Structures are given as C-alpha cells and as structure tokens.
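A closer look at the structure
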Amino acid sequence: MKMKTTTKLATLGAAALFLASSFAQVTAQTAYQSNTTQTTIKGTSTLHDWDMTSSKGQTKASFTVEGGQIKGINSLSFTVPAESLNSDKSGLDKNAYKALNTDKHKNITFTMTSGTVTPSGNNTFQVKATGNLTIAGTTKQTTITANGQFNPSDKSIAVTGATKFKMTTYNVKPPTVMMGTIKTGDEITVDYNAKLTAQ
C-alpha cells in the first residue's frame with residue numbers, strides 16, 4: 001500500500017510539473033527594449049507650425065505574452081535626451097533647450113505606475129499607461145495611449161502613439177524666435193514610434 005501511495009504521489013507530482021511547464025511556455029512576462037525610439041514634438045507659432053525630432057529615445061517594457069498574444073503590460077519606461085531633439089531651425093532649437101533648462105535637466109523621462117492592454121484585432125492591441133512624466137525637472141502624472149502590433153515570427157512589437165499637453169504644465173515657457181517676434185503656442189503634441197525587441 002505504501003509503495004502504491006508513493007507511486008501515485010510521484011505521478012501526480014510529475015503531472016503538476018508538466019502542467020506548470022506547459023503554462024510557463026504559454027504565459028510569460030517578456031522584457032522588451034528599443035534604443036532608437038523616434039520622438040517628435042509638434043507645435044504651433046505665430047508664423048507657422050514647427051516640429052522637433054529625435055531618434056535617440058530608449059524604451060524599456062515588460063509585456064505578458066499569452067498564446068502568442070500580448071495580454072498585459074507590467075512595466076514601461078522611456079528616456080530621450082532633450083538636446084537630441086532637433087528642428088530645421090537652429091534658433092528654435094537653442095531657445096527650446098533654454099526653455100527646457102537642459103544644462104541641468106538632460107533627459108525627458110516617463111515611468112509607468114499602472115497600465116492596461118486591450119486587444120483590438122489580430123495581433124494588435126491598445127496600451128493605456130499612467131505614470132510620471134518628467135520635463136525640465138518637473139514631474140506630473142499623465143496618461144499616454146499607444147497602438148501596438150505584435151509580430152509572432154520574431155516576437156517584436158511595433159508601437160505608435162501621441163499625447164497632447166501644455167508646456168506650462170511642466171513650468172516650461174513656450175520658446176520664441178527672432179528676438180521674440182515669433183512666439184510658439186503652449187499646447188504641443190508628442191508622437192512616438194518604436195520597434196521593441198525581446199531581450
């Protein structure tokens with residue numbers, strides 16, 4: 001009787017390990033990263049619209065992958081060197097760096113505190129992430145949204161999104177050009193585009 005009980009327990013243990021192993025293969029938290037995230041800031045002025053772009057942003061994230069689909073987001077952080085943002089006008093860049101106080105605050109950063117993923121189609125999904133956005137040394141809680149596309153063949157994720165806010169919310173004075181004769185608007189749109197690869 002004792003031998004039968006031991007054998008039965010061993011069989012149950014092996015079955016449990018098999019199920020746990022199978023589940024781990026189906027559901028897993030996977031780390032992702034992009035070192036070439038493209039960030040574009042778009043705004044208006046009294047003369048014409050303007051934009052500044054950087055391709056040096058770094059994004060790190062952790063997603064829950066279940067059955068070849070993105071089911072959840074566990075962490076997300078983003079950093080872009082402020083002076084890597086450039087327009088086609090050096091005067092605008094110079095005044096923008098001054099407004100961002102880049103001598104003291106080198107980076108613009110975002111760190112997620114909570115987030116959700118909502119499937120939107122075949123291998124596509126929407127991300128909603130709430131967290132702390134820091135610009136020019138001022139940190140505010142904000143929510144960003146993005147659309148994602150999961151590629152099962154190489155496990156990569158393409159992400160695109162846009163967020164609007166006012167510069168003065170972060171104590172940034174809208175920059176001016178040509179001795180103040182051209183003034184930029186307070187509201188800006190930040191577009192982001194990244195291809196995240198599994199680490």
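An account of the accompanying structure is given in this report.

Conventions used here
- Residues numbered from 1 in each chain as written.
- Predicted model: local features only at pLDDT ≥ 70, side-chain atom pairs only at ≥ 80, totals over all residues.
- Heavy atoms only, no water.
- Salt bridge = Lys/Arg side-chain N within 4 Å of Asp/Glu carboxyl O.
- Helix = DSSP H or I, 4+ residues; strand = E, 2+ residues; numbered from the N terminus.
- Buried < 20%, exposed > 50% of the residue type's maximum accessible area, 1.4 Å probe, protein only.
- Arc of directions from axis to C-beta.
- Contact = heavy atoms within 4.5 Å.
- Pairing = 2+ DSSP bridges.

Some details on the pattern of salt bridges
Under the definition given, this model contains three salt bridges. A salt bridge links K42 to D191, with the shortest nitrogen-to-oxygen separation between them at 2.9 Å. Placement of the pair is K42 in strand β1 (residues 27–43) and D191 in strand β10 (residues 187–198), with a sequence separation of 149 residues. Across the pair K195 and D154 runs a salt bridge, and its minimum N-O distance is 4.0 Å. Taken as a pair, K195 in strand β10 and D154 in the loop between β6 (138–151) and β7 (156–166) lie far apart in primary sequence, 41 residues in all. Given the relative accessible area of 40%, D154 is considered partly exposed.

Quick look at helix α2 (residues 90–99)
Turning to α2, its buried residues number three or more, namely L92, D93, A96 and Y97. Buried residues of α2, seen end-on, are gathered within an arc of 130° and therefore sit on one face of the element. Facing away from the buried surface of α2 by more than 90 degrees, the exposed residues are S90, K94 and K98. For α2, the elements touching its buried residues are β2 (50–66) and β8 (176–177). Looking one or two residues beyond α2, the residue adopting positive phi is N101, at roughly 55°.

Some remarks on the pairing of β7
Here β6 pairs with β7 via six bridges, running antiparallel. Paired with Q149 across the bridge in β7 is A158. As consecutive antiparallel partners, β6 and β7 are separated by four residues, and within that stretch K155 has a phi angle of approximately 65°, a positive value. In the sheet, β7 pairs with β10 via 10 bridges, with the strands oriented antiparallel. Bridge pairing links T160 to N193 in β10.

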